[in-house]
Amino acid sequence: MINYEDFKKLELKVAKIKEVSEHPNADRLYVIIVDFGDRTKQIVAGIRGSYAKESLVGKEVVVVDNLEPVILRGVESQGMLLAASDEKGISVISPDREVALNSIVK
């Protein structure tokens, strides 16, 4: 378990997906460019089996914004896209109405 103070360290923000491409070295990964309104970031996400690229572009999503960048199969990921998974597959976490980019998720 983590305590509340540790949880508060996470910066969860709303961003809009601008571009999606197949990861060059992994069949299950996409390389996604997200727009926070004041800047963009590149995120590598394992959602390729559940979403067509075209269905993601323009979608508002929740992103962990303050993770240290990591290299995933040779490509830098600068955050984490939040998604739920169950026996039916993966579902990207998204606001139920359009909100301002860079909005804080509480």
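Residues numbered from 1 in each chain as written. Predicted model: local features only at pLDDT ≥ 70, side-chain atom pairs only at ≥ 80, totals over all residues. Heavy atoms only, no water.

**Re unusual backbone geometry**
Right, so step 1: Phi at Arg73 takes a positive value of approximately 55°, unusual for a residue other than glycine.
Right, so step 2: Here Arg73 lies in the loop between β5 (70–72) and β6 (75–77).
Right, so step 3: Non-glycine residue Asn102 carries a positive phi angle of around 75°.
Right, so step 4: With respect to the element layout, Asn102 can be found in the segment after β9 (89–92). (Helix = DSSP H or I, 4+ residues; strand = E, 2+ residues; numbered from the N terminus.)

**A look at the side chain of His23**
Right, so step 1: For His23, the location among the structural elements is in the loop between β1 (12–22) and β2 (30–35).
Right, so step 2: Residue class for His23 comes out buried when judged on its relative accessible area of 4%.
Right, so step 3: There is a polar contact of 2.8 Å between the side chain of His23 and the backbone oxygen of Leu72.
Right, so step 4: With residues up to four places along the chain from it excluded, the contact list for His23 reads Leu29, Tyr30, Val31, Val44, Arg48, Leu72, Arg73 and Val75. (Buried < 20%, exposed > 50% of the residue type's maximum accessible area, 1.4 Å probe, protein only. Polar contact = N/O pair within 3.5 Å; in protein donor to acceptor, adjacent residues only side chain to side chain. Contact = heavy atoms within 4.5 Å.)

**Focus: the pairing of β9**
Right, so step 1: Bridge analysis of strand β8 (residues 83–86) against β9 gives four bridges, and the strand direction is antiparallel. Bridging from a neighbouring strand, Ser85 pairs with Ile90 of β9.
Right, so step 2: Taking the residues that link successive antiparallel strands as the turn, the β8-β9 hairpin has two residues. (Pairing = 2+ DSSP bridges.)

**Overview of the sheet that holds strand β4 (residues 60–64)**
Right, so step 1: With respect to topology, five strands assemble into an open sheet ordered β3-β2-β1-β4-β7, the strand pairing being antiparallel. Two strands lie at the open edges of the sheet, namely β3 (40–45) and β7 (80–81), each paired on one side alone.
Right, so step 2: Relative to β4, β1 is paired through five bridges, and the arrangement is antiparallel. Among the inter-strand pairings, Leu12 is bridged to a residue of β4, identified as Val64.

**Details of the packing of aromatic side chains**
The geometry of an aromatic ring pair comes down to the distance between the two centres and the angle between the two planes.
Right, so step 1: Tallied over the entire structure, the rule returns zero aromatic pairs.
Right, so step 2: The ring of Phe36 has Arg39 sitting right over it, with the charged end atom 4.3 Å from the ring centre. (Phe/Tyr/Trp six-rings, centres within 6.5 Å; stacked < 30°, edge-to-face > 60°. Lys NZ or Arg CZ within 6 Å of the ring centre and 35° of its normal.)

**So, the environment of Leu82**
Right, so step 1: One can find Leu82 in the loop between β7 and β8.
Right, so step 2: Taking relative accessible area as the criterion, Leu82 reaches 24% and is therefore assigned partly exposed.
Right, so step 3: Residues Leu82 and Val63, spaced 19 residues apart in sequence, show a C-alpha to C-alpha distance of 5.9 Å.
Right, so step 4: Those residues in contact with Leu82 that lie beyond four places of it in its chain are Leu12, Val62, Val64, Val92 and Ile93.

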